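The primary structure of each chain is shown beneath.
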Amino acid sequence: MKFFVALLFSLSTFIFSQTYCAGDQIGIDHQNTNFEVCYASGNYEVGNDWSLADFNGDLNGGQYYVIFLEMMTTW
């Protein structure tokens, strides 16, 4: 039984591994990934597309932002 639990834990670690950790810089390819707005706020309406590149001054025309990302789930 312990072997099965260890195997299951090991497999889930690979399947649900993190791409980024605290302090990492997000790569350009991930910054350019588009997402759909599900909660209207600021200049965005529900259904609009947004990307992290919208907040990067090197990519959005010179307006820089500091952002804090917090992600949660209720499985």
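Our structure's up above, just so we're on the same page.
Residues numbered from 1 in each chain as written. Predicted model: local features only at pLDDT ≥ 70, side-chain atom pairs only at ≥ 80, totals over all residues. Heavy atoms only, no water.

Time to look at the layout of surface pockets. Estimates place the volume of the largest pocket at around 630 Å³. What lines the largest pocket is a set of 17 residues, and nearest its centre among them are Y20, I26, L52, L69 and M71. Residues of the lining of the largest pocket, tallied by class, amount to 10 nonpolar, six polar and one charged. Quantified by volume, the second largest pocket comes out at close to 390 Å³. In this structure, the second largest pocket is lined by 14 residues; those nearest its centre are I26, Q31, L52, Y65 and I67. Looking at side-chain class alone, the lining of the second largest pocket contains nine nonpolar, four polar and one charged residues. (1 Å grid on protein atoms, 1.4 Å probe; cavity = no way out; pocket = protein on both sides within 12 Å on 5 of 7 lines; lining within 4 Å. Points joined across faces, edges and corners; volume = space filled by probe spheres on them. Nonpolar A, V, L, I, M, F, W, Y, C, P; charged D, E, K, R; others polar.)

Turning next to the environment of C38. You can see C38 is positioned in the loop between strand 1 (35-36) and strand 2 (49-50). Residue C38 is classed as exposed on the basis of its relative accessible area, which comes to 72%. Considering only alpha carbons, one finds C38 and D49, 11 residues apart in sequence, at a separation of 9.6 Å. (Helix = DSSP H or I, 4+ residues; strand = E, 2+ residues; numbered from the N terminus. Buried < 20%, exposed > 50% of the residue type's maximum accessible area, 1.4 Å probe, protein only.)

The next point concerns the side chain of N56. Relative to the helices and strands, N56 resides in the loop between strand 2 and helix 3 (57-60). A polar side-chain atom of N56 sits 2.7 Å from a polar atom in the side chain of Q31. Those residues in contact with N56 that lie beyond four places of it in its chain are Q31, Q63 and Y64. (Polar contact = N/O pair within 3.5 Å; in protein donor to acceptor, adjacent residues only side chain to side chain. Contact = heavy atoms within 4.5 Å.)

A separate point is the side chain of S51. Following the sequence through the fold, S51 ends up in the loop between strand 2 and helix 3. A polar atom in the side chain of S51 sits 3.5 Å from the backbone oxygen of Q31. Each residue touching S51, except ones within four places of it in the same chain, is listed here: Q31, N32, T33 and N34.

Our next topic: a nonpolar patch on the surface. A cluster of nonpolar side chains, I26, Y65, I67, L69 and M71, forms an exposed patch at the surface whose accessible area comes to about 510 Å². Examined against the element boundaries, L69 turns out to sit in the segment after helix 3. The exposure class assigned to L69 is partly exposed, which follows from its relative accessible area of 44%. (Patch = residues over 30% accessible without salt bridge, like charges linked within 9 Å, V, L, I, M, F, W, Y side chains within 5 Å. Areas by Shrake-Rupley, 256 points an atom, 1.4 Å probe, with all protein chains shown as cover. Salt bridge = Lys/Arg side-chain N within 4 Å of Asp/Glu carboxyl O.)

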